[in-house]
Amino acid sequence: MRILKSFGLAFSIYSKIPMPRIYRNKENMRYIMCFFPLVGAVIGGLIMAWFTVCLRLNINNACFAAVAAALPVLATGGIHASGFINTSDALHSRGSKQKRLEILSDPHIGTFGVMSAVIYYMIYFGFLNEVTIYGEAAMIALGFVMSRALCAIEITLMRTAKNTGLLYEMSSAMNRVATLIMTILMLAGCGLVMIFLSPFIGGTVLLLLILLLLYYKFFVAKKIGGITSDTCGYFIQLCEIITVIVIVIGGRLA
């Protein structure tokens, strides 16, 4: 029963999919990160379904790309996009770690956040517009699971910048061993499927995402002093755009 409640909490917090109301306490949050990558699986499924509809109805690539770029935001309620914007504002400030934490806590959006979001989605849309075959769409769908699996690993291994907030609650309550095992298995499984679809592209994506995680560990510690909910959203957005870029460019090179 505790596992089912963790499953429900994962989807109620990180998606807009309706879930039964579950009380957020330490016991119910113990396995929440184990199920976090499954939110990505739902998003990936939606992307694949939309890609199939576009192929069957001969809908042009631009329309596919526009909806595909919007689907992750609609499915999650924009929680990770919001983190990307807030973190962009904080990282572009010239203040101390404490000042950056204050910016992350500020509900108002700044100029750098807006500019970063516009540039991000212009690039994201542009590369999605180049996706024309099932194999590429399938690898992009797998990327949504991999980004969240890596984020869960990040939360398991890194300390939080603050001793308050939702992320601190989850980090304190989570079963770290079970989370690491589950998320590594999901990451490895998706990586192997991606490599099966294209050894060159799949291997490159998996390698770059793991390197990003290793770099991000030191980058966040240096700039902010630890992870927050916003920096996790920023990390997920980076994983997703890197995945799309590598898949499109790698497809052309291969």
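This report concerns the structure included in the present document.

### Brief notes about the overall build of the chain
A tally of helices and strands in the chain yields 11 helices and 0 strands. Each helix (α) and strand (β) of the chain, taken in turn from the N terminus, gives the series α-α-α-α-α-α-α-α-α-α-α. Relative to a compact globule of 254 residues, whose C-alpha radius of gyration would be 18 Å, the chain shows 18 Å and is just as compact. Judged by the C-alpha coordinates and their principal axes, the chain covers about 50 × 45 × 30 Å. When burial is assessed residue by residue, the chain has 49% of its 254 residues classed as buried. For the chain, restricting intrachain contacts to residue pairs at least 6 apart in sequence, the fraction spanning at least 24 positions comes to 77%.

### Examining the packing of helix H9 (residues 176-197) against helix H10 (residues 199-223)
One way to put it is that H9 packs onto H10 with a least axis distance of 5 Å and a crossing angle of 150°. Relative to H10, the element H9 lies roughly antiparallel. Considering the relative orientation of H9 and H10, their crossing is right-handed. Every residue of H10 that contacts H9 at Leu-187, Gly-191, Met-194, Ile-195 and Leu-197 is listed here: Pro-199, Gly-202, Gly-203, Val-205 and Leu-206. For the contact of H9 with H10, the residue count by class is 7 nonpolar, 3 polar and no charged.

### Concerning H10
An α-helix turns once per 3.6 residues; consequently, residues spaced three or four apart project the same way. Here H10 contains 25 residues, and its C-alpha end-to-end distance of 35 Å stays within 8% of the 36 Å for a straight helix at 1.5 Å per residue. Largest kink in H10: about 25°, centred on Tyr-216. Residues of H10 that are buried make contact with helix H7 (134-157), H9 and helix H11 (229-253). Phi for Gly-225, located one or two positions after H10, is positive at around 95°.

### A look at the layout of surface pockets
Looking at the largest pocket, its volume works out to about 180 Å³. For the largest pocket, the lining is made up of 15 residues, of which Tyr-14, Ile-79, His-80, Ser-229 and Asp-230 are closest to its centre. Elements that contribute at least two residues to the lining of the largest pocket include exactly helix H1 (2-14), helix H4 (79-92), H7, helix H8 (166-173) and H11. Broken down by element, the lining of the largest pocket gets its largest block of residues, 4 residues, from H11. Tallied by class, residues from the lining of the largest pocket come to 10 nonpolar, 4 polar and 1 charged.

### Some points on the side chain of Ser-116
If you trace the backbone, Ser-116 turns up in helix H6 (residues 111-128). Sequence-distant contacts of Ser-116, defined by excluding residues within four places in its chain, comprise Phe-84, Ser-88 and His-92.

### Details of the packing of H4 against H6
As a packed pair, H4 and H6 sit with axes 7 Å apart at the nearest point and diverge in direction by 125°. Overall, the two elements H4 and H6 adopt an arrangement that is oblique. Of the two elements, H4 crosses H6, and the hand of that crossing is right-handed. Residues Ala-81, Phe-84, Ile-85, Ser-88, Asp-89 and His-92 of H4 form the contact with H6, whose own contacting residues are Thr-111, Phe-112, Gly-113, Ser-116, Ala-117, Tyr-120 and Tyr-121. Residue composition of the contact of H4 with H6, by class: 7 nonpolar, 5 polar and 1 charged.

### Brief notes about the nonpolar core
In this structure, Met-33, Tyr-124, Leu-128, Ile-155, Val-205 and Phe-235 are the most contacted members of the largest nonpolar core, which totals 76 residues. Element by element, the count of residues in this core is highest for H7, at 14 residues. Setting aside chain neighbours within four positions, we find Met-33 in contact with Tyr-14, Ala-152, Ile-155, Met-170, Met-174, Thr-179 and Thr-183.

Rules used in this analysis
Residues numbered from 1 in each chain as written. Predicted model: local features only at pLDDT ≥ 70, side-chain atom pairs only at ≥ 80, totals over all residues. Heavy atoms only, no water. Helix = DSSP H or I, 4+ residues; strand = E, 2+ residues; numbered from the N terminus. Rg over C-alpha atoms; globule rule 2.2 N^0.38 Å. Buried < 20%, exposed > 50% of the residue type's maximum accessible area, 1.4 Å probe, protein only. Contact = heavy atoms within 4.5 Å. Axes fitted to C-alpha atoms, helices over the stretch in contact; angles between N-to-C directions. Parallel < 35°, antiparallel > 145°, perpendicular 65-115°, else oblique. Left-handed = near helix turned anticlockwise from the far one by under 90°. Nonpolar A, V, L, I, M, F, W, Y, C, P; charged D, E, K, R; others polar. Expected span 1.5 Å × (residues − 1). Bend = angle between axes of the 7 residues up to and from the residue. 1 Å grid on protein atoms, 1.4 Å probe; cavity = no way out; pocket = protein on both sides within 12 Å on 5 of 7 lines; lining within 4 Å. Points joined across faces, edges and corners; volume = space filled by probe spheres on them. Core = buried A, V, L, I, M, F, W, Y, C linked by side-chain atoms within 4.5 Å.

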